[in-house]
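The primary structure of each chain is shown beneath.
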Amino acid sequence: MPRSSSSSNPAPADSTSSPPTSIDAICASCGKPGVQIQRVTRSYGRGDELMVIEDIPMCRCPHCHERYFTAQILHEIERIKSHRQTLAEARMVPVANFPVEFPLID
Ligand SMILES: [Zn+2]
């Protein structure tokens, strides 16, 4: 998504707050057109099996407010999960150690 050069409305880093995109699709729940796509982040599994998938396109209906993943998207989620070793990038979190010699009392 192209970033606006305007500094008055900085884009947040949180991918879940990206604006929804209208697509030419009919709601699977109420049958009305105008379904919007919103990118969301979901985590799956736990512990060593935990993986996070970002920017999953979630359908959101402005009429009945139904939120759902399409069958294709669910299928792709399953594909990504089954290939988590090759498709997932391990993201290292910088960890800093507070200095042990730091004087607590001066
Ligand atoms: Zn609907």
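Anything mentioned here points back to the structure above.
Scope of this entry: the structure provided in the associated data block. Keep in mind that what you see is a predicted model, and the values were worked out from it rather than measured.

Rules used throughout
- Residues numbered from 1 in each chain as written.
- Predicted model: local features only at pLDDT ≥ 70, side-chain atom pairs only at ≥ 80, totals over all residues.
- Heavy atoms only, no water.
- Salt bridge = Lys/Arg side-chain N within 4 Å of Asp/Glu carboxyl O.
- Helix = DSSP H or I, 4+ residues; strand = E, 2+ residues; numbered from the N terminus.
- Buried < 20%, exposed > 50% of the residue type's maximum accessible area, 1.4 Å probe, protein only.
- Expected span 1.5 Å × (residues − 1).
- Contact = heavy atoms within 4.5 Å.
- Donors = N, O, S within 2.8 Å, 3.2 Å for Na, K, Ca; no water.
- Tetrahedral: all angles 85-135°; square planar, octahedral: opposite > 155°, others 65-115°.
- Pairing = 2+ DSSP bridges.

It is worth spelling out the pattern of salt bridges at this point. Counted under the stated rule, the structure contains two salt bridges. Put simply, Arg79 and Glu76 hold a salt bridge, and the shortest N to O gap is 2.9 Å. You can see Arg79 and its partner Glu76 sitting in helix α1 (residues 71-82), three residues apart, about one turn around the helix. Close ionic contact of Glu78 with Lys81 constitutes a salt bridge, the shortest N to O distance being 3.3 Å. Note that Glu78 and Lys81 are positioned in helix α1 at a spacing of three residues, about one turn of the helix. By relative accessible area, which is 46% here, Glu78 ends up partly exposed.

On to α1, then. Between the first and last C-alpha of α1 there are 16 Å, a value that for 12 residues agrees with the 16 Å anticipated at 1.5 Å per step. Where α1 is buried, its residues touch β2 (36-44), β3 (51-60) and α2 (84-87).

Around a metal, the perfect tetrahedron of four donors has angles of 109.5 degrees, and the perfect octahedron of six donors has angles of 90 or 180 degrees. The zinc ion binds to the protein through Cys27 (SG), Cys30 (SG), Cys61 (SG) and Cys64 (SG), with metal-donor distances spanning 2.3 Å. Each of the four donor atoms bound to the zinc ion contributes to angles spanning 104 to 114°, and the resulting shape is tetrahedral.

Taken together, the two bridges between strand β1 (residues 21-22) and β2 define a ladder with antiparallel strand orientation. Bridging across to β2, Ser22 finds its partner in Gln36. When β2 meets β3, the two strands line up antiparallel, connected through eight bridges. Each bridged residue has a counterpart across the sheet, and for Arg39 the counterpart in β3 is Pro57. A loop of six residues connects β2 with β3, the two strands running antiparallel in sequence, and Gly45 in this loop sits at a positive phi of about 75°.

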